[in-house]
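One-letter residues, chain by chain:
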Amino acid sequence: MNFYITSGTYEFLEKILNKYPQETMILMQNTQTSVLIHETQKKSVFGSPRKYEVISQSGELENKGMVNLFNIPISDEGKPVFEFNFAKQIHSIKDAPGFIAYRFLKPKKGDTYILLTLWTDESYFKHWKGSNGYQTIIDSFPTENPLSSNQLFNGGAYETEYTIPSKENNNAPQ
């Protein structure tokens, strides 16, 4: 499965979304930017997307809720070990209250893997962040400066949170 991400203004991305209603796409935003994701077996409809391969997944992507992107820079030599170990750990998330879906994404270019998680709302995500399941997964990633002796990571992991605007709730830009 292919996974594509592009950024832009909400209005521009909304036009792309509306042009391809048959495609699996989700438009989301935070205070800094808007992002459109596209999951497909085909090529992307985006002009210049970031390209990923879905290597593990659970649940269906829905056009509601809150999305967290956990970005993890991995060295070329560390990729096989990281993928193997991470795939064993991530399955515990499926039992978390409020969990809808996840996608474990391998970059087609570059070094930054992404764990995308979709939640019914931010309160469930925050509750999961306080859980042992979260700590088991996250403790294996550096979130500050990586240790110089650690050959697995190319840098510190970081998170980005987004909401999926709902026109019914007047959360989308007017």
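Residues numbered from 1 in each chain as written. Predicted model: local features only at pLDDT ≥ 70, side-chain atom pairs only at ≥ 80, totals over all residues. Heavy atoms only, no water.

Asker: Please clarify how the side chain of Lys79 should be interpreted in this entry.
Answerer: Its place among the elements puts Lys79 in helix H2 (residues 79–89). A residue is classified by how much of its surface remains accessible, and Lys79, at 13% relative accessible area, is buried. Here Lys79 is in contact with Ile74, Gly110, Asp111 and Tyr113, once residues within four sequence places are set aside. (Helix = DSSP H or I, 4+ residues; strand = E, 2+ residues; numbered from the N terminus. Buried < 20%, exposed > 50% of the residue type's maximum accessible area, 1.4 Å probe, protein only. Contact = heavy atoms within 4.5 Å.)

Asker: Please clarify how the pairing of strand S4 (residues 50–58) should be interpreted in this entry.
Answerer: When a strand is regular, its side chains alternate between the sheet's two faces. Sheet topology note: the strand S1 (residues 2–8)/S4 ladder contains 4 bridges and is antiparallel. Following the sheet pairing, Tyr4 is matched in S4 by Lys51. Both S4 and strand S6 (residues 99–107) contribute to a ladder of 6 bridges, which runs antiparallel. Looking at S6, one finds that Tyr52 is bridged to Pro107. (Pairing = 2+ DSSP bridges.)

Asker: Sorry, what's going on with the pairing of strand S5 (residues 66–73) here?
Answerer: In terms of burial, S5 is a largely internal element, 8 of the 8 residues being buried. On S5, burial covers both faces: Met66, Asn68, Phe70 and Ile72 on one face and Val67, Leu69, Asn71 and Pro73 on the other are all buried. Of the pairings in the sheet, the one linking S5 to strand S7 (residues 112–119) comprises 8 bridges and is antiparallel in character. Bridged to Ile72 within S7 is Tyr113. Note: S5 against strand S8 (residues 158–163), 6 bridges, orientation antiparallel. Paired with Leu69 across the two strands is Thr160, which belongs to S8.

Asker: Sorry, what's going on with the environment of Asn63 here?
Answerer: Checked against the element boundaries, Asn63 lands in the loop between S4 and S5. Spatially, the C-alpha atoms of Asn63 and Met28 are 8.9 Å apart, while their sequence positions differ by 35 residues. If sequence neighbours within four positions are ignored, Asn63 has contacts with Met25, Ile26, Leu27 and Ile164.

Asker: Is there a simple way to think about the nonpolar core in this case?
Answerer: Membership of the largest hydrophobic core comes to 20 residues, with the highest contact counts inside it found for Phe82, Phe86, Ile90, Ile93, Tyr102, Trp119 and Trp128. Elements supplying a minimum of two residues to this core: S5, H2, S6, S7, helix H3 (122–129) and helix H4 (132–138). Not counting the four nearest positions on each side in its chain, Ile90 is found in contact with Ser56, Tyr102, Leu115 and Ile137. Core analysis: the second largest hydrophobic core is formed by 19 residues, Val35, Val54, Leu116 and Ile164 among them. (Core = buried A, V, L, I, M, F, W, Y, C linked by side-chain atoms within 4.5 Å.)

Asker: Looking at this structure, I do not really get a positive patch on the surface. What am I missing?
Answerer: Taken together, the side chains of Lys43, Lys51, Lys108 and Lys109 make up a positively charged region of the molecular surface. Along the chain, Lys108 falls in the loop between S6 and S7. (Patch = residues over 30% accessible without salt bridge, like charges linked within 9 Å, V, L, I, M, F, W, Y side chains within 5 Å. Areas by Shrake-Rupley, 256 points an atom, 1.4 Å probe, with all protein chains shown as cover. Salt bridge = Lys/Arg side-chain N within 4 Å of Asp/Glu carboxyl O. Lys, Arg positive; Asp, Glu negative; His and termini not counted. Charge placed at Lys NZ, Arg CZ, Asp CG, Glu CD.)

Asker: Please explain the packing of aromatic side chains as it appears in this structure.
Answerer: Aromatic ring pairs are reported here in terms of the distance separating the ring centres and the angle at which the planes meet. Within this structure, the stated rule accounts for 11 aromatic pairs. Pairing Phe86 with Phe104 gives two aromatic rings, centres 4.3 Å apart and planes at 40°, and the pair type is tilted. Of the two residues, Phe86 sits in helix H2 while Phe104 sits in strand S6, which places them 18 residues apart along the sequence. Between Trp128 and Tyr134, the aromatic rings sit 4.9 Å apart at their centres with planes inclined by 85°, giving edge-to-face as the arrangement. Both residues of the pair, Trp128 and Tyr134, belong to the buried class. Ring pairs connect the aromatic residues Phe99, Tyr102, Trp119, Phe125, Trp128 and Tyr134, which therefore count as one cluster. (Phe/Tyr/Trp six-rings, centres within 6.5 Å; stacked < 30°, edge-to-face > 60°.)

Asker: Help me understand the confidence of the model for the protein chain, please; the structure alone is not making it clear to me.
Answerer: For the protein chain, per-residue confidence averages 87 on the pLDDT scale, and 86% of positions sit at 70 or higher. Considering only residues more than four positions removed or in separate chains, one finds that residues 143–149, a stretch of pLDDT under 50, has 4 contacts. Contacts of residues 169–174 to residues separated by more than four positions or lying in other chains number 10 contacts, the stretch itself having pLDDT below 50. (pLDDT = per-residue confidence, 0-100.)

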